[in-house]
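# Summary of structural features
Here is how the chains run, residue by residue.
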Amino acid sequence: MTASVQTKKMDLKAIKCPTAMVYIRRAIENAVSQSFTGHVEIITIEPSVERDLTYFLASIDGNASIVKVIKEPLTDDLRNDWLSSGEALPAEIENITDKIHLTVEFK
């Protein structure tokens, strides 16, 4: 019998950089300081996160790496939900086409 892997999810919704990376850095630093082992799934619309997160993970003393990246189209329904709830302004998401799921593994 294998042990289940702990997975935490961080959905940044319509938050873009630089704020998105601030939240991600805090979460990664917290996971490292608590010796977390498992996966953190980060969901973002910010295309630069994959690049920035790769560099950030290389710069910290934690055994963490991106093990999976999945891109899916940002649906009109989700876009409209964010606009109607005030989570996003039209200008913030007008050129965004994808939601990106990044899985970071901590060993």
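See the structure above.
All of the points below concern the structure found in this document. (Residues numbered from 1 in each chain as written. Predicted model: local features only at pLDDT ≥ 70, side-chain atom pairs only at ≥ 80, totals over all residues. Heavy atoms only, no water.)

### Quick look at the nonpolar core
- The biggest cluster of nonpolar side chains holds 20 residues, and the ones touching the most others in it are Ile24, Ile28, Ile42, Leu53, Val104 and Phe106.
- When contributions to this core are tallied by element, the ones reaching two or more residues are helix H1 (19-33), strand S2 (38-44), helix H2 (49-59) and strand S4 (98-106).
- For this core, the leading source of residues is H1, giving 5 residues.
- Excluding anything up to four places from it in sequence, Ile42 contacts Met10, Leu12, Ile24, Leu53, Ile100, His101, Leu102 and Val104.
- With 7 residues, the next largest nonpolar core counts Ala14, Ile45, Ala88 and Ile96 among its residues. (Core = buried A, V, L, I, M, F, W, Y, C linked by side-chain atoms within 4.5 Å. Buried < 20%, exposed > 50% of the residue type's maximum accessible area, 1.4 Å probe, protein only. Helix = DSSP H or I, 4+ residues; strand = E, 2+ residues; numbered from the N terminus. Contact = heavy atoms within 4.5 Å.)

### Focus on the packing of aromatic side chains
- Considering all chains together, one arrives at 1 aromatic pair under this definition.
- A centroid spacing of 5.6 Å and a plane angle of 75° characterise the contact between Phe36 and Phe106, whose relative ring orientation is edge-to-face. One end of the pair, Phe36, is in the loop between H1 and S2; the other, Phe106, is in strand S4, and 70 residues separate them in sequence. Just as Phe36 is buried, Phe106 falls in that class too. (Phe/Tyr/Trp six-rings, centres within 6.5 Å; stacked < 30°, edge-to-face > 60°.)

### Here's the deal with H2
- For H2, every residue scored as buried is listed here: Val49, Leu53, Phe56 and Leu57. Buried residues in H2, looked at end-on, bunch into an arc of 100°, giving them a common side. Within H2, the exposed residues directed more than 90 degrees away from the buried face are Tyr55, Ala58 and Ser59.
- On its buried face, H2 is in contact with H1, S2, strand S3 (64-73) and S4. (Arc of directions from axis to C-beta.)

### Quick notes on the pattern of salt bridges
- This model, assessed by the stated rule, comprises 2 salt bridges.
- The salt bridge involving Arg51 is made with Asp52; its shortest N-O contact spans 3.0 Å.
- On the basis of relative accessibility, which here comes to 48%, the residue Arg51 falls in the partly exposed class. (Salt bridge = Lys/Arg side-chain N within 4 Å of Asp/Glu carboxyl O.)

### Brief notes about unusual backbone geometry
- Backbone torsion omega between Cys17 and Pro18 reads 10°, so that peptide bond is classified as cis.
- Relative to the elements of secondary structure, Pro18 occurs in the loop between strand S1 (7-11) and H1.

### Considering the packing of H1 against H2
- Between H1 and H2, whose axes approach to 11 Å, the crossing angle comes to 35°. Judged by the sense of rotation from one axis to the other, the crossing of H1 with H2 is right-handed. Here H1 contributes Ala20, Met21, Ile24, Arg25, Ile28 and Glu29 to the contact with H2, which in turn contributes Val49, Asp52, Leu53, Phe56 and Leu57.
- Here the contact of H1 with H2 is built from residues that sort into 8 nonpolar, no polar and 3 charged. (Axes fitted to C-alpha atoms, helices over the stretch in contact; angles between N-to-C directions. Left-handed = near helix turned anticlockwise from the far one by under 90°. Nonpolar A, V, L, I, M, F, W, Y, C, P; charged D, E, K, R; others polar.)

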